[in-house]
Amino acid sequence: MSDRHPTSAARLNVYIQGQGFPILGLHGHPGTGRSLSVFTNHLSKRYQTIAPDLRGYGKSHWNGNFAMTDHLTDLEALLDRLNIEKCLVLGWSLGGILAMELALRLPERVTGLILVATAAKPCGSHPSITWQDNLYTGVAGLLNYIKPSWRWNIETFGKRSLFRYLVQQHTSTTYKYIAKEAVPAYLQTSPAATRALYSAIQSGYNRLPELPQIQCPSLVLAGDQDRHITSDSSLETARNLQNSQWQCYSNTAHLFPWEVPQLVLNDIDHWLEEHPQVIGIK
């Protein structure tokens, strides 16, 4: 299979685990392929998980500006390079938006979608950010990176920082994920990647009218207190997909897979059992 975009595609750094039917995992912003370990460590026991660093994130370095659509070019080239004819796509936040775009672009190659904290017309309800928010977040993030899940830090800074909008359950498990995966991902996200995202947001991104074109089964998961992409906008996405299942988790926010990981993984496992066609079983 030849790459249709040999010159414009970035060669993405990718983390591959397990064997079996391929599941392509797409991270959010900020993020890296490693940020999906909550999913890949579990799913790779039965499937092959492929989690790239998107262009401008992690180790997929890129010089100069680019557009959001360039991510799709990169991902198609990655599937070609790995000789993947068909795959299930799991996307978190920005990754979920790219998952839907990939299904619209390559319907014959995407067997199903698992959409996590995302929406085809993303709407947020995040309050204005103060300098105290940024200060507390910096302190909480640094201390948590040095000493993960330190309860004093969580109570003193974490709950007063911007983490209070990202999570509702300030548990040791949640803060371990933040220390191990969120902080490094933040530090490895390029300004160009941030510009590409905000440019798309400012243009009024809305793919709701195109969603009926997506015929493959979809699982849409949301946190009921998500301020970054509201659960209402995720529900609206689920309602516009032809073959979707919706699940919303109470007392969680945008990082809900790190708040209630076992609940989320159980629901994904159950959905996969009910939709064997998405993992290549007829």
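Calculation rules
Residues numbered from 1 in each chain as written. Predicted model: local features only at pLDDT ≥ 70, side-chain atom pairs only at ≥ 80, totals over all residues. Heavy atoms only, no water. Helix = DSSP H or I, 4+ residues; strand = E, 2+ residues; numbered from the N terminus. Rg over C-alpha atoms; globule rule 2.2 N^0.38 Å. Buried < 20%, exposed > 50% of the residue type's maximum accessible area, 1.4 Å probe, protein only. Axes fitted to C-alpha atoms, helices over the stretch in contact; angles between N-to-C directions. Parallel < 35°, antiparallel > 145°, perpendicular 65-115°, else oblique. Contact = heavy atoms within 4.5 Å. Nonpolar A, V, L, I, M, F, W, Y, C, P; charged D, E, K, R; others polar. Pairing = 2+ DSSP bridges. Right-handed = clockwise from strand over helix to strand, strands pointing away. Patch = residues over 30% accessible without salt bridge, like charges linked within 9 Å, V, L, I, M, F, W, Y side chains within 5 Å. Areas by Shrake-Rupley, 256 points an atom, 1.4 Å probe, with all protein chains shown as cover. Salt bridge = Lys/Arg side-chain N within 4 Å of Asp/Glu carboxyl O.

Participant: Please explain the overall build of the protein as it appears in this structure.
Facilitator: Across its full length, the protein carries 11 helices and seven strands. Relative to the compact-globule value of 19 Å for 282 residues, the protein shows a C-alpha radius of gyration of 18 Å, a close match. In terms of its C-alpha atoms, the protein occupies a principal-axis envelope of roughly 55 × 40 × 35 Å. Residue burial in the protein is summarised as follows: out of 282 residues, 55% are buried.

Participant: Mind showing me how you'd approach the packing of helix 4 (residues 131-146) against helix 7 (residues 172-187) here?
Facilitator: Working note: a packed helix pair is described by the angle between its axes plus the distance between those axes. It is the contact of helix 4 with helix 7, at a shortest axis distance of 9 Å, that shows an interaxial angle of 105°. Taken together, the axes of helix 4 and helix 7 are roughly perpendicular relative to one another. Two secondary-structure elements touch here, helix 4 through Gly141, Asn144 and Tyr145 and helix 7 through Tyr175, Ile178, Ala179, Val183 and Pro184. Taken together, the residues of the contact of helix 4 with helix 7 break down into six nonpolar, two polar and no charged.

Participant: Explain the side chain of Thr40 here, please?
Facilitator: Topologically, Thr40 is positioned in helix 1 (residues 37-43). Excluding its chain neighbours within four sequence positions, the residues that come into contact with Thr40 are Gln17, Thr49 and Ala51.

Participant: I keep staring at the sheet that holds strand 1 (residues 14-17) and nothing clicks. Help me out?
Facilitator: Strand-to-strand pairing in sheets goes through backbone hydrogen bonds, with the strands running parallel or antiparallel. What the seven strands build is an open sheet, ordered 1-3-2-4-5-6-7; its pairing is mixed. Both edges of this open sheet fall to strand 1 and strand 7 (244-249), since each of them pairs with a single strand only. Sheet twist, expressed as the average angle between the axes of neighbouring strands with direction ignored, equals 15°. Pairing of strand 2 (residues 22-26) with strand 4 (residues 87-92) involves four bridges; the strand directions are parallel. Note on strand 4: the bridge partner recorded for Leu26 is Gly91. Here helix 3 (residues 94-105) sits on the sheet and contacts strand 2, strand 4 and strand 5 (110-116); the angle it forms with strand 5, its principal contact strand, is near 160°.

Participant: Sorry if this is basic, but what is going on with the pairing of strand 5 here?
Facilitator: Each regular strand shows side chains that alternate between the opposite faces of the sheet. The buried fraction of strand 5 amounts to seven of the seven residues, a majority that puts the element mostly inside the structure. On the question of chirality, the crossover connecting strand 4 to the parallel strand 5 by way of helix 3 is right-handed. As paired elements, strand 5 and strand 6 (residues 218-223) share four bridges and run parallel to each other. Looking across to strand 6, one finds that Val116 is bridged to Leu221.

Participant: Just to check I follow, could you spell out a nonpolar patch on the surface for this structure?
Facilitator: There is a patch of nonpolar side chains on the surface, built from Leu142, Tyr145 and Ile146 and spanning about 340 Å² of accessible area. Considering the arrangement of structural elements, one finds Tyr145 in helix 4. Judged by relative accessible area, which is 46%, Tyr145 ranks as partly exposed.

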